Amino acid sequence: MIPVPTPVRFYQVGSFAVGNRLLDPDQRTVQADTARTNSLDSGHRACQGCGEALGARYVLDTAMRASDNKVVAVNATGCLEVFSTPYPESSWRLAWIHSLFGNAPAVATGIAAAMRAKGRLDVRVVAQGGDGGTVDIGFGTLSGMFERNDDVLYVCYDNEAYMNTGVQRSGATPPAARTATTEAVGPAPGNPFGQGKDLPRIAMAHEISYVATATVADLHDLEAKTIRAMAHRGARYLHVLVPCPLGWGAASKDTIRLARLAKETGLFPVFEAEHGEVVSVAKIRHKTPVVEYLKAQRRYAHLFKGDHQDVIDQLQALADRNVGRYGLVDPTSADAPQLTED
Amino acid sequence: MRRQLEGSRAVAEAVARCRPEVVCAYPISPQTHIIEAIGAMVRTGAIERCEFVNVESEFAAMSVSIGASAAGARAYTATASQGLLYMAEAVYNAAGLGLPIVMTLANRALGAPINIWNDHSDAMSVRDSGWIQLFAEDNQEAVDLHIQAFRLAEELSLPVMVCMDGFILTHAMEEVDLPSQAQVDDFLPPYSPRQVLDPADPLSIGAMVGPEAYTEVRYLAHLRQLDALEAIPRIGTEFAAAFGRDSGGLVHPYRTEGADTVLVAMGSVLGTIKDVVDDQRDVGIPVGVVGITAFRPFPFAAVRAACQGAERIVVVEKAFSLGFGGVLSSDVTMAGAAPHHLVHSVIAGLGGRPITKAAIASLIERARRGEVGSLSFLDLDEDLIAGELARMAAERRSGPVAENLLRDLASAPHRSRETGRA
Ligand SMILES: Cc1ncc(C[n+]2csc(CCOP(=O)(O)OP(=O)(O)O)c2C)c(N)n1
Ligand code: SF4
Ligand SMILES: [Mg+2]
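Residues numbered from 1 in each chain as written. Chains lettered and ligands numbered in written order. Predicted model: local features only at pLDDT ≥ 70, side-chain atom pairs only at ≥ 80, totals over all residues. Heavy atoms only, no water.

**Some words on the pattern of salt bridges**
- Applying the stated rule across the entire model yields 46 salt bridges over all chains.
- Close ionic contact of Glu272 of chain A with Arg228 of chain A constitutes a salt bridge, the shortest N to O distance being 2.6 Å. With Glu272 of chain A in strand β7 (residues 271–274) and Arg228 of chain A in helix α7 (residues 219–231), the pair connects residues that are 44 residues apart, well separated along the chain.
- The class for Arg228 of chain A is partly exposed, based on a relative accessible area of 21%.
- Here Arg391 of chain B and Asp408 of chain B are joined by a salt bridge, their closest N and O atoms 2.7 Å apart. (Salt bridge = Lys/Arg side-chain N within 4 Å of Asp/Glu carboxyl O. Helix = DSSP H or I, 4+ residues; strand = E, 2+ residues; numbered from the N terminus. Buried < 20%, exposed > 50% of the residue type's maximum accessible area, 1.4 Å probe, protein only.)

**A short note on the domain arrangement of chain B**
Residue and element names in this part refer to chain B.
- According to the domain assignment, chain B consists of domain 1 (2–243) and domain 2 (251–377).
- The interface of domain 1 with domain 2 comprises 26 residues on the first partner and 23 residues on the second.
- The contact between domain 1 and domain 2 buries some 1,900 Å² in all, and 59% of this surface belongs to carbon and sulfur atoms.
- The three residues of domain 1 that bury the most area against domain 2 are Met124, Phe135 and Glu137, which together make up 31% of that side's buried surface. (Domains from an automatic or database assignment. Contact = heavy atoms within 4.5 Å. Buried area = accessible area lost by both parts, 1.4 Å probe.)

**Considering the site of ligand 2**
- Around ligand 2 sit Ala46, Cys47, Cys50, Cys79, Phe83, Asn159, Cys244, Pro245 and Leu246 of chain A, and those are all the residues in its vicinity.
- At the level of elements, α2 (79–84) and α8 (245–248) of chain A are the ones that each hand at least two residues to the shell around ligand 2. (Near = heavy atom within 4 Å.)

**A look at the site of ligand 1**
- As a structural note, the neighbourhood of ligand 1 is formed by 17 residues, with Glu52, Cys79, Gly132, Gly133 and Met163 of chain A the closest of them.
- Mapping the residues adjacent to ligand 1 onto the chains of the assembly identifies chains A and B.
- Taking Glu52 of chain A, its side chain carries an N or O atom lying 2.8 Å from an oxygen atom of ligand 1.
- A distance of 3.0 Å separates an oxygen atom of ligand 1 from a polar backbone atom of Asn164 of chain A.
- Burial of ligand 1 by the protein chains amounts to 78% of its free accessible area of 580 Å².
- In terms of residue count, the dominant contributor to the shell around ligand 1 is helix α4 (residues 131–136) of chain A (3 residues).
- Within the shell around ligand 1, the residues separate by chemical class into 6 nonpolar, 8 polar and 3 charged. (Polar contact = N/O pair within 3.5 Å; in protein donor to acceptor, adjacent residues only side chain to side chain. Areas by Shrake-Rupley, 256 points an atom, 1.4 Å probe, with all protein chains shown as cover. Nonpolar A, V, L, I, M, F, W, Y, C, P; charged D, E, K, R; others polar.)

**Here we look at the side chain of Asp331 of chain B**
All names here are of chain B.
- Among the secondary structure elements, Asp331 is positioned in helix α12 (residues 327–334).
- What makes Asp331 buried here is its relative accessible area of 9%.
- Other than its neighbours up to four places away in sequence, Asp331 contacts Phe295, Arg296, Phe298 and Phe300.

**Examining the environment of Arg36 of chain A**
Residue and element names in this part refer to chain A.
- Note that Arg36 resides in the segment before α1 (51–66).
- The exposure class of Arg36 is partly exposed, given its relative accessible area of 29%.
- The spatial distance from the C-alpha of Arg36 to the C-alpha of Asp61 is 6.3 Å, given a sequence separation of 25 residues.
- For Arg36, the contacting residues outside a window of four places in its chain are Val30, Gln31 and Asp61.
- For Arg36, the side chain forms a polar contact with the side chain of Asn38, separated by 2.8 Å.

**Quick word on the sheet that holds strand β4 (residues 152–158) of chain A**
- Read across the open sheet, the 9 strands follow the order β8(A)-β7(A)-β5(A)-β6(A)-β4(A)-β3(A)-β1(A)-β2(A)-β9(B); overall the sheet is mixed. The sheet is open, and its two borders are formed by β8 (277–281) of chain A together with β9 (204–205) of chain B, each paired with just one other strand.
- Relative to strand β3 (residues 124–130) of chain A, strand β1 (residues 71–75) of chain A is paired through 5 bridges, and the arrangement is parallel. Bridge pairing in β3 of chain A links Asn75 of chain A to Gln128 of chain A. (Pairing = 2+ DSSP bridges.)

**Things to note about the sheet that holds strand β5 (residues 102–107) of chain B**
- The sheet built from 7 strands is open, its strands ordered β3-β2-β4-β5-β7-β6-β13 (chain B) with mixed pairing. Of all the strands in the sheet, the pair left with one neighbour each is β3 (51–54) and β13 (294–296) of chain B. Each neighbouring strand pair of the sheet contributes to a mean axis angle of 20 degrees, computed without reference to strand direction.
- Bridge analysis of strand β2 (residues 22–25) of chain B against β3 of chain B gives 4 bridges, and the strand direction is parallel. The partner of Ala25 of chain B across the bridge, within β3 of chain B, is Asn54 of chain B.
- The sheet contacts of helix α3 (residues 104–117) of chain A involve β2 and β3 of chain B, and relative to β3 of chain B the element is tilted by about 155 degrees. (Axes fitted to C-alpha atoms, helices over the stretch in contact; angles between N-to-C directions.)

**Digging into the packing of aromatic side chains**
- Here the structure, examined in full by the defined rule, presents 15 aromatic pairs over all chains.
- When the centroid spacing of 6.2 Å and the interplanar angle of 15 degrees are considered together, the rings of Tyr154 of chain A and Tyr237 of chain A count as stacked. Pair noted here: Tyr154 of chain A is in strand β4 and Tyr237 of chain A is in strand β6 (residues 236–241), with a separation of 83 residues, a long-range link.
- Residue classification places Tyr154 of chain A among the buried positions, given a relative accessible area of 0%.
- Aromatic pair Phe295 of chain B and Phe298 of chain B: ring centres 6.3 Å apart, planes at 85 degrees, arrangement edge-to-face. When sorted by exposure, Phe295 of chain B lands in the same class as Phe298 of chain B, which is buried.
- In this structure an aromatic cluster arises from ring pairing among Phe135, Phe295, Phe298 and Phe300 of chain B.
- The ring of Tyr254 of chain B has Lys274 of chain B sitting right over it, with the charged end atom 5.2 Å from the ring centre.
- Positioned above the aromatic ring of Phe295 of chain B, the side-chain terminus of Arg296 of chain B is 4.4 Å from the ring centre. (Phe/Tyr/Trp six-rings, centres within 6.5 Å; stacked < 30°, edge-to-face > 60°. Lys NZ or Arg CZ within 6 Å of the ring centre and 35° of its normal.)

**Points about the coordination of the magnesium ion (ligand 3)**
Residues and elements named next belong to chain A.
- The protein atoms that coordinate the magnesium ion (ligand 3) are Asp131 (OD), Asn159 (OD1) and Ala161 (O), at distances spanning 2.0 to 2.1 Å.
- Along the chain, the residues donating to the magnesium ion (ligand 3) are arranged with the sequence spacing D-x27-N-x1-A. Of the two residues, Asp131 sits in helix α4 while Ala161 sits in the loop between β4 and α6 (199–205), which places them 30 residues apart along the sequence. An identical accessibility class is assigned to Asp131 and Ala161; each is buried. (Donors = N, O, S within 2.8 Å, 3.2 Å for Na, K, Ca; no water.)

**Topic: the pairing of strand β2 (residues 95–98) of chain A**
- Side chains of β2 of chain A alternate between two faces, with Ala95 and Ile97 of chain A and Trp96 and His98 of chain A buried alike.
- By the bridge criterion, 4 bridges tie β1 of chain A to β2 of chain A in an arrangement that is parallel. Across the sheet, the residue bridging to Val74 of chain A is Ile97 of chain A, located in β2 of chain A.
- Taken together, β1 of chain A, α2 of chain A and β2 of chain A constitute a β-α-β crossover, and its handedness is right-handed.
- Note that β2 of chain A and β9 of chain B share 2 bridges and pair parallel. Residue pairing in the sheet places Trp96 of chain A in a bridge with Ser204 of chain B of β9 of chain B. (Right-handed = clockwise from strand over helix to strand, strands pointing away.)

Now the structure itself:
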């Protein structure tokens, strides 16, 4: 077992560098260790700056470390599956199966059941998919897996749309965002307000032992949550916000910055829950206005042509509701680095 | 041991003796009794080292089976009708991945209109999926085919669907010879997978394949189906040697020597047809019947050989392709078993309509007089159809067809089914 790291303080304010060199060896990331497994090896075909590739690499290497390298991974159809396994190449250096778009949780259940039948409880099952594969088409199988409390860690890499098929709206697409099926045209451009699913909270309603959200901006936190998830048995859910430069219309270099802004605005609350109760929240020291986040992405560009302050206000209200619901803002919080413009 | 058992119970006991490691269950009539019985046996420990998973849909049932099988476990599930359609995407996937899952299909009609009774439409809907499809004639054969199915599936690394007629077989009490655990253990070795998800020897299963190799992957899957044409009779012969009775194989010819007319069918209707054949042979009429056990892969050569010398072939089939005609008869035609125009497709027993001895006898008589066309429907109620066609011609908003027909039937009780039409 890896010890659960205590929250890391960063002294390089204004920089997003993780700064492993400054940490004690036992606080460094799995990824910083040359003995990491490289579960998702280099050479795959993700776009430059793909948040999903980054998130999956950290999650899987950490899960491998936490299980003595005994992970079997199941992948839903989607970018992660496609960019990692164009025949005859595979970037996966762990036991990995892709079956269908909507059945990854059920395939994972089957593997876990097989391992139980064979008395191989040392083998751990991690299933993963995009937001479409998770909140929409795979929702039934995911809910079934949760409800039965099958011994599976499910990881959703949320890039807020169906990216692999060309950026169409999913049930996780935020309001006002332009996608190929919610074009920025007509009287209410972009994705409608009042729709969509909050899967972490739905997962919590299943009262499974562990639910957490994370972003690729704080990879220490992502690893720590993966470790904690692996320490539980039964159904567990990890929802990781992974910016997609292509789908969001953002610069590749902004992937980490956008993930951090999503958290710092309150639009994407970062928390952990056990047995349906929130047990920890990643605080925001200085709440950033949502406009900072929106203006860096072309999927919101229509909001800045003409007067759409009312729409921006509505999005701000959504962020503020999260701030209230989870108690996100804490000016005394020392763990959150201050955000400065670069 | 010979016991008087319900078909579902007999199949459940047979599957239990095959030592499944993961069994998925989602209820749909007429499959329910099978999975209920297996569930109870897992709970009591009668089936050891087995996980019984109550899933939320048939799509999950097949998907869990996929995961279990890929992880090296012997996986079994059962479904019927709408359940098979609901899992269709995963059915294709299991075959494409080459996973030796065994599934019972308790054959049932497809909706709409919703109908829980027997026909073979469900099996036909996935005939191109890459599953081996075997049809049981009676409950003894259903038991035996399940035991053979695990051998076959695991030897070839292909999934096998054992089709048994819903209600007619699943719910029928019959005497069945259930093999002992020791006999099955001798016949069925532990599952040794061709590919397995093993952290100690990691591999990727289910990668994307483009135009450069997709055809070759499919071709190899076809070759494995052709291998099954050799494996099915071989395993059937071994089974006969071990268990002392003939079951399985590709086709079952019955009294076809010197027959001018050969009927072809699958499943439980073969019992009725054999009775009629016996009656007709008793009065010197040269008819025979060929039962097809292996529908996929389709045994062209065996069908051709079994029908050799017949002047005409009458395929009695419990499914058809709308806008096309008989599916089985089209395969029989392809087998070149008789000149094309002498293969007659007779659609019968849809949605549970009884196929009576009288109707089969009359069919044979008419066929031998040259009065049966290339496609016909046994016991079709022409009046009922004429009534609805007239209604549709008379008014645009004529309403839902099924409900109209039921109303017509209710208001004309003298035409109820029980009165029996030829
Ligand atoms: C049953 C089915 N419907 C649709 C598709 C097409 N499809 C493949 S990947 C994909 C989008 C995946 O989106 P998401 O799950 O969000 O993952 P991402 O690519 O964004 O990482 C879609 C719609 C499919 N493969 N299977
Ligand atoms: S489209 Fe988005 S999710 Fe897909 S590979 Fe590119 S950056 Fe990653
Ligand atoms: Mg997505």
